[in-house]
Amino acid sequence: MDEHNRPIHTFQVCNVMEPNQNNWLRSNWISRQAAQKIYVELRFTLRDCNSIPWVSGTCKETFNLFYHETDEAHSVKFKPQQYTKIDTIAADESFTQMDLGDRILKLNTEVREVGPMTRKGFYLAFQDIGACIALVSVRIYYKKCPFTLRNLASFPDTVPRVDSSSLVEVRGACIDHAEERDTPKLFCGADGDWLVPLGRCVCSIAYEEIDGSCTACHPGFYKAYAGNIRCSKCPPHSFSYGEGAAICHCETGFFRAESDPPTMACTRPPSPPRNLMFNLNDTCLMLEWSHPSDTGGRRDLTYNVQCKRCGPEPDQCQFCEEELRFLPRPLGLTDATVTIMDFSAHANYTFEIESLNGVSDISSFPRQVAIITVSTDQGGPSLVGSLKKDWASPNSIALSWQQPEQTTMLILDYEIKYYEKQLSYSSTRTKAPSVIISGLKPATWYVFCVRTRSPAGYSSYTPKYEYKTTGDCKYLRPSTALVTGLGYISSDQGQVLVIVTAAVGGFTLLVLLIVPSSLVKILKTHSQCLCFFPSVPTGPFPGIKTYVDPDTYEDPTQAIHEFTKEIDPSRIRIERVIGAGEFGEVCSGRLRTPGKKEIAVAIKTLKGGYVERQRRDFLREASIMGQFDHPNIIRLEGVVTKSKPVMIVVEYVENGSLDSFLRQHDGHFTVIQLVGMLRGIASGMKYLSDMGYVHRDLAARNILVNSNLVCKVSDFGLSRVLEDDPEAAYTTTGGKIPIRWTAPEAISYRKFSSASDAWSYGIVMWEVMSYGERPYWEMSNQDVILSIEEGYRLPAPMGCPVALHQLMLHCWQKERSHRPKFTDVVTFLDKLIRNPSSLLCSPGSPGEEMDYPMFISIGDWLDSIKMTQYKSNFMAAGYNTLDSVARMNIEDVRRIGVELIGHQRRITSSVQTLRLQLLHEQEKGFHV
Ligand code: ADE
């Protein structure tokens, strides 16, 4: 009976009185199964020998445990010598007579390990050598790591190694709809525990993990990639109907390009280009347009220009991309502009400009295009025969040449380009095949070449001829005369044709643009908008010297030859590095020119390892600068292109860039000196705008100042200057623009013009008058755009004469045609300089009335200048009316606890504006 008085079966022996006992009990054959090591748990009772009288020599208190491994399952004759002893088993507790009387069961439990086992099975045997024992139970078992699911992988039952210090590595199998990432593994420990999970499986495409299994995505959701992610909602313009979608299908009219990831929204082809504009000079047509209003939801917008040349009948059209030259190319344009050259005479050309994106080829919708038609009415240019010197004097040379043989074409005139060897070129025109060029230096070699100008453009130049003047005389340099035209018109995908004709130099343009009917009225009443800009004569010869975009040259080296002088590098001495440009170091040094005084120069270098495109971009700036000749524009001395390093050599400007110069000399100049600097910048800008050059990055950092405080506009290179301007940020339309300096129309739709340069000039004025303060301080670009849109304008800097701030406000008019022209700015500043009393800080100076927003409370005012945090400082110090604030000076601002210098300045400069405003309002009879 056990302790609960239930009957139990036991094997018993108790021959304690008789000596030399050797009694055996053997098990049946036991299958080893998967075990490598078995555990034997014995439960038994054992009688205390001391509690039995007269048995001291014969009674034992232990028994022995044996085993025998064998593959045979059938019982064989018991042979004790075949058995291996496992252990001698002793009792932890033995019982006495008294325990028996009290019915106390003193049960012992002992466990022994046996292994490694290798045969199919085994027998256990117990040897009694004279103890009084009852064997209650024998449990034989082995340990295993049980089947488990971890990290979306299943691991089978695994038996541990016999050697308890080493683990069994088990590779898991991914569950249904899952796949391996890193091989899933677990290690089985000696005690049957799984340890060290490594690797994992992840749910396959179209399935997501929910509660340890992979479940199909619901309708409207998809999973395109295998991974530990959930199913996602279908991207815009796509859907999935069934369960388990790997990808969502595009709605009708929307597409996915081959390279589009399934996560991307479905997109559609773009709408056609808008606002198609043309810009014409004698030989080439430049088309420019605005991005389509609908990009179809994609960024890979390109344009194709298709050319058709038509005969008199409308059906006699043929494609003409092959005949004309397109810069940069007719197809796959990424910029919204193209220049077209090499037109034939008496032909009508139609250009269809199509916007494309990555899904245009997939869509079967009819394509929409913007169309322009061009008609040429004269023949192509013809070449001049050889050139000869008729006579020379100290200041003049007379030349003549053979007329072109092809006489059918009207020759408008000849252009003669000439330059003193080593210097920049000049040109003049004549209608006859001869010319007398005067104003030359005595005893000096000049280089000449001539080209014909016909209604269809220019011919090539003759080869270069070198002739020398005689004797000694005064020097005068003539200037060139070229003509260009510019027209523009808005267009969209409407249906009405507007026909406008304009003629320049005999090259006739018939412009047919497809525009919406709503625009027709406007176009009819403003058709003069399509006329070319009026020409403003500059220099001693009639006509306009016009800026020529180096990009219109098919071969950029031709532009470099045309507009720059090659310098022999032996004439340059580099002295020290003064800065780093985008392309390489900027150094200062000296330039020797035979017969001239050595001059200080700045040398921009192109660092080694450049590709051809970088070399071209680097030299573009020189091709632009080389066309300018003005005291307020940085002067190009020449270039080194024939040897390395490639260099651009410009005049050295001692005080470096204007913004840092002003910051270093904060408060050091008189207002007249500052206005003098501004006048110089305006004069340089007037020169540039007269030449038709738009700077696009006018800012104090791009102005250089010499030792006489003469300011020189620098940093040319067209839109590409913006690439290296650290201030230029990307706009939502993808352009890179220095937001704080740029007019709103240039930011929003890239309408850069001399009027947008005028806006930037206003910002430069503000930078100058605040000694290099950052425009709009630390406001974000986005806040600047928003506040300008809301009508906010920079307040007058501290100590800035009202007249100057009014000029700034004039430059910052939203409507660009209301902004002053640079010629007006120069005239206005000249008047201020001549009449310094106008620069005293009093309101009522000439110009437009100011239109400042009036603030009603200190809180509103501080909010407007983003200084709200100081409201309590003002209140605590008793400044609770605008009148009292208007009387504050910088000391007062410091005293109330504004510690940051930038904040002190911002508040003081706004106080100044406030003061003027109050005075102004009082003058008008208002009470605040
Ligand atoms: N840094 C860049 N160009 C310079 C110039 N022309 N003179 C002085 N410093 C310059």
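Preceding block: the structure.
Just so we're clear, the structure is a prediction, and the values are computed from it rather than from any experiment.

About the criteria used
Residues numbered from 1 in each chain as written. Predicted model: local features only at pLDDT ≥ 70, side-chain atom pairs only at ≥ 80, totals over all residues. Heavy atoms only, no water. Helix = DSSP H or I, 4+ residues; strand = E, 2+ residues; numbered from the N terminus. Buried < 20%, exposed > 50% of the residue type's maximum accessible area, 1.4 Å probe, protein only. Contact = heavy atoms within 4.5 Å. Core = buried A, V, L, I, M, F, W, Y, C linked by side-chain atoms within 4.5 Å. Axes fitted to C-alpha atoms, helices over the stretch in contact; angles between N-to-C directions. Parallel < 35°, antiparallel > 145°, perpendicular 65-115°, else oblique. Pairing = 2+ DSSP bridges. Disulfide = S-S within 2.5 Å. Near = heavy atom within 4 Å. Polar contact = N/O pair within 3.5 Å; in protein donor to acceptor, adjacent residues only side chain to side chain. Areas by Shrake-Rupley, 256 points an atom, 1.4 Å probe, with all protein chains shown as cover. Nonpolar A, V, L, I, M, F, W, Y, C, P; charged D, E, K, R; others polar.

Draft legend 1. Focus on the overall build of the protein. Check the secondary structure of the protein and you find 17 helices and 49 strands. A burial count over the protein gives 50% of its 928 residues as buried. For the protein, contacts bridging at least 24 residues in sequence account for 64% of all contacts bridging at least 6.

Draft legend 2. Main features of the nonpolar core. Formed by 86 residues in total, the largest nonpolar core has its most connected members in F628, L658, I681, F716, Y761 and L829. Setting aside residues up to four positions removed in sequence, F628 forms contacts with Y547, I633, Y687, L688, M691, Y693 and F716.

Draft legend 3. Just the packing of helix α11 (residues 802-811) against helix α12 (residues 822-834), in detail. It is the contact of α11 with α12, at a shortest axis distance of 11 Å, that shows an interaxial angle of 175°. With respect to α12, the element α11 is oriented roughly antiparallel. Judged by residue contacts, A803, L804 and L807 of α11 engage V825, F828, L829 and L832 from α12.

Draft legend 4. Structural context of the sheet that holds strand β13 (residues 173-174). If you walk across this open sheet you meet the 3 strands as β10-β11-β13, and the pairing is antiparallel. In this open sheet, the two strands that pair with only one neighbour each are β10 (148-150) and β13. Alignment of β10 against strand β11 (residues 153-155), held across 3 bridges, turns out to be antiparallel. Each bridged residue has a counterpart across the sheet, and for L149 the counterpart in β11 is S154.

Draft legend 5. The state of the cysteines, seen in detail. This model, assessed by the stated rule, comprises 9 disulfides. Note that C203 is cross-linked by a disulfide to C214, the S-S spacing being 2.1 Å. In this structure the cystine formed by C203 and C214 twists about its S-S bond by roughly -90°; its chirality is therefore left-handed. Taken together, the positions of C203 in strand β15 (residues 194-203) and C214 in strand β17 (residues 213-216) put the pair 11 residues apart, joining distant regions of the chain. For C214, a relative accessible area of 10% corresponds to the buried category. In this model C250 forms its disulfide with C266; the gap between the sulfur atoms is 2.0 Å. What sets the handedness of the C250 and C266 disulfide is the S-S torsion sign, and at about -80° it is left-handed. Here the residue C250 occupies a position in strand β21 (residues 249-250), and C266 occupies one in the loop between β21 and β22 (274-281), the gap between them amounting to 16 residues. Under the relative-accessibility criterion, C250 is labelled partly exposed at 23%.

Draft legend 6. Representation of the site of the ligand in the model. In the vicinity of the ligand, the contacting residues are I578, V586, A602, I634, V650, E651, Y652, V653 and L704. A distance of 2.9 Å separates a nitrogen atom of the ligand from a polar backbone atom of E651. Within the backbone of V653, an N or O atom sits 2.8 Å from a nitrogen atom of the ligand. Coverage of the ligand by the protein amounts to 81% of the 260 Å² it exposes when considered alone. A breakdown of the residues in the shell around the ligand according to their chemical character gives 8 nonpolar, no polar and 1 charged.

Draft legend 7. Fine view of the environment of Q12. By the secondary structure assignment, Q12 is in strand β1 (residues 11-14). With relative accessibility at 62%, the residue Q12 sits in the exposed group. On a C-alpha basis, the gap between Q12 and V136 in space is 8.7 Å, while along the polypeptide they are 124 residues apart. Excluding residues that lie within four positions of it along the chain, Q12 makes contacts with I133 and A134. A polar contact of 3.0 Å, which involves the side chain of Q12, links it to the side chain of T10.

Draft legend 8. Main features of the pairing of strand β30 (residues 387-392). Judged from the 5 bridges that link them, β30 and strand β31 (residues 397-401) form a sheet pairing that is antiparallel. Paired with K389 across the strands is L399, a residue of β31. Connecting the antiparallel pair β30 and β31 is a turn made up of 4 residues.

Draft legend 9. Representation of the sheet that holds strand β42 (residues 585-591) in the model. If you trace the 5 strands from one edge of the open sheet to the other, you get β41-β42-β43-β45-β44, paired in antiparallel fashion. Across the chains shown, the open sheet's two edge strands, defined by having one partner strand only, are β41 (572-580) and β44 (636-640). With direction set aside, neighbouring strand axes in the sheet form an average angle of 25°. Sheet analysis places strand β43 (residues 599-605) next to strand β45 (residues 647-651), joined by 5 bridges and oriented antiparallel. Looking at β45, one finds that I603 is bridged to V649. Packing of helix α4 (residues 612-625) onto the sheet brings it into contact with β43, β44 and β45, and relative to β45 it is tilted by some 35°.

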